[in-house]
Amino acid sequence: MTFLQALEKSSTVELYTYIILLLTSVLLYIFSDYFKKCILALRLPGPKAYPIIGSCLEITKTGLVSQEMANAYKKYGPLARFWLSAYPMFVVFDPDDLKVILSSKKHTDKSVFYKLLHNFLGRGLITSSGHKWSSHRKLIQPSFSIAILEKFTETFSDSASALIDKLPKEETVLNVTEYVNNCVLDILNEAVLGVPVKSTDKKEMETSPFRQGKVVAPYRLTHPWLLFNFIYKLTDAATVELDQKKQLEEFSRKMIDRRREALKTQKPTDRRCLMDFMIEISNENPDFTEDDIIDEACTFMLAGQDSVGAALAFTLFLLARHQDHQAKCYEEIRQHIGSDPSMLPTAENIRELRHLEACIKESLRLYPSVPLMARKIGEDVRVGKYQLPAGSEVLILPYATHRVEHVYPDPERFNPERFGDGAPHQNPYAFLPFSAGPRNCIGYKFAYIEMKTIVSRVLQNFHLSPAPGKEEVLPIFRMTLRAKGGLWVKLTPRKVVS
């Protein structure tokens, strides 16, 4: 080999070395944030993880809620990690750390996890981020003022009365879950879509696609390869989900057309629905399109069903188990509404039911309807001795945070006094059934008035007691909290006291 050949070979090796180093540097730069998150995740405790699938199998455990979530803070401390396949997510438990994240407008973007719900809920307030979320929230917020919400009390009362009519008139043991779910759906049909609870055309609403909604996200989480859309689109589950989405959109457009016609002849005394307000918003703001109305309507209808239905069922179940608090609630109802089972509450009456509200809140503490939320943080956040990098996906588990013992002593005990008038000031980020901060649930006041009205009507008409052999509850996780086998109580009709 001549000197020139050796030099040429050496130059070629140097060139290839340079290219490799350059490519390596570019890749390290591109993936530096990912590697930072992985390095941090490897330092943190968390549920068992497996190659490729990560910690996803943990979601399928029978004791996921009652054991893993309930004891997570004791087991892992204020910060843990969860591997979604090869992607690290961070679980924050402590209310003080959650305040930093949830109170800031810098961390209002929803996690990539919520993209799995787009075909189910649409791109409404729950699943959207950025400018779309902030502009929609600003436009819709006035429709949820307390003055407007209290006007729905008649709708709540009508639906609660329909529920009472469906319940047996003799002492019986039953699963309250299905009954209250139907009651909540009746309310949403009128309050959101404008279809009266007392409508004579029941067939249309009985076949409504909002009765048949099925969320696929948990299935995709437990089968991580389906997180890739190009794979998921090839499955039967995707076909069914897209068909469901199409039905929801078509039904919603029909409801919009109907409400547009109704608004032309609406009288000041007529009941209004949330779709009416959204149509008016759309008329005044061209950027708020008919597709946006559909997305928000689907969000209110589908999210409102499961969350409030679960909260009501757990509240009735817990009042049946705790006779002392049920008696306080009933005495409060007698005082402010009346003992006659036919007497309907007013907005003013409902406001006075403070112990009942405390019981509902304590039920939501023990069994939050939404036991898991997620955020994508917009800048570095300090959590204890660790620094979460900007862009990190953060999981929030209300079921776990509601059981942090230095905030809630004896956390498994049903104690409504935690939320009573004389209770000490509480960190608002320690109670998260409706989230907290700028991205809290826009309809939480609606939900409280709704639940207080329904529970008060049930207690006016029935005494609740535990169902023999069905006193225990095993909470399970879908997208909202459920009780395996349902929630059973014994109903005894109350005698009218003259």
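From a predicted model like this one, the values you see are computed outputs, not experimental measurements.

**Student:** What's the story with the sheet that holds strand β9 (residues 462-466) in this structure? I'm lost.
**Tutor:** Strand order across the open sheet formed by three strands is β4-β12-β9, with antiparallel pairing between neighbours. Whereas interior strands pair on both sides, the edge strands pair on one side only; in this sheet they are β4 (172-175) and β9. Each strand of the sheet is rotated relative to its neighbour by a mean of 40°, with strand direction disregarded. Sheet strands touched by helix α10 (residues 176-191): β4 and β12 (488-493). Its angle to β4, the strand with the most contacts, is close to 65°.

**Student:** Just checking my understanding: could you explain helix α15 (residues 274-284) for this structure?
**Tutor:** Because an α-helix completes one turn every 3.6 residues, residues spaced three or four positions apart along the sequence face the same direction. Burial analysis of α15 places eight of its 11 residues in the buried class, which makes it a mostly covered element. Within α15 the residues assigned to the buried category are Leu274, Met275, Asp276, Phe277, Met278, Ile279, Ile281 and Ser282.

**Student:** Any chance you could explain the side chain of glutamate 150 here in plain terms?
**Tutor:** Along the polypeptide, glutamate 150 turns up in the loop between α8 (146-149) and α9 (153-166). Taking relative accessible area as the criterion, glutamate 150 reaches 19% and is therefore assigned buried. Look past the residues within four positions of glutamate 150 in its chain and what remains in contact with it is Ala347, Arg351 and Ile449.

**Student:** Mind showing me how you'd approach the packing of aromatic side chains here?
**Tutor:** In total, this model carries 12 aromatic pairs according to the counting rule given. Judged by centre distance (6.0 Å) and plane angle (75°), the rings of phenylalanine 210 and phenylalanine 251 are edge-to-face. In this pair, phenylalanine 210 is assigned in the loop between α11 (202-206) and α12 (217-221) and phenylalanine 251 in helix α14 (residues 236-265), connecting sequence segments 41 residues apart. We classify phenylalanine 251 as buried; its relative accessible area is 8%. Seen from their ring centres, phenylalanine 314 and tyrosine 367 are 4.5 Å apart, and the 10° between their planes marks the pair as stacked. Placement of the pair is phenylalanine 314 in helix α16 (residues 290-321) and tyrosine 367 in the loop between α19 (354-366) and β5 (373-376), with a sequence separation of 53 residues. Take tyrosine 367: its relative accessible area is 9%, and that puts it in the buried class. In this structure an aromatic cluster arises from ring pairing among Phe152, Phe156 and Phe446. Positioned above the aromatic ring of tyrosine 448 is the side chain of lysine 361, whose terminal nitrogen or guanidinium carbon lies 5.5 Å from the ring centre. In this arrangement the basic side chain of arginine 403 is found over the ring face of tyrosine 399, its NZ or CZ atom lying 3.7 Å from the centre.

**Student:** Looking at this structure, I do not really get unusual backbone geometry. What am I missing?
**Tutor:** Note on backbone geometry: most residues besides glycine have negative phi, and most peptide bonds are trans. With phi around 75°, isoleucine 52 is a residue other than glycine that occupies positive phi space. Tracing the sequence through the fold places isoleucine 52 in the loop between α2 (32-43) and α3 (64-69). Positive phi, normally seen in glycine, also occurs at serine 85, with a value near 60°. Its location among the elements puts serine 85 in the loop between β1 (79-84) and β2 (87-92). Residue serine 85 is classed as partly exposed on the basis of its relative accessible area, which comes to 24%.

Definitions and limits used
- Residues numbered from 1 in each chain as written.
- Predicted model: local features only at pLDDT ≥ 70, side-chain atom pairs only at ≥ 80, totals over all residues.
- Heavy atoms only, no water.
- Pairing = 2+ DSSP bridges.
- Helix = DSSP H or I, 4+ residues; strand = E, 2+ residues; numbered from the N terminus.
- Axes fitted to C-alpha atoms, helices over the stretch in contact; angles between N-to-C directions.
- Contact = heavy atoms within 4.5 Å.
- Buried < 20%, exposed > 50% of the residue type's maximum accessible area, 1.4 Å probe, protein only.
- Phe/Tyr/Trp six-rings, centres within 6.5 Å; stacked < 30°, edge-to-face > 60°.
- Lys NZ or Arg CZ within 6 Å of the ring centre and 35° of its normal.

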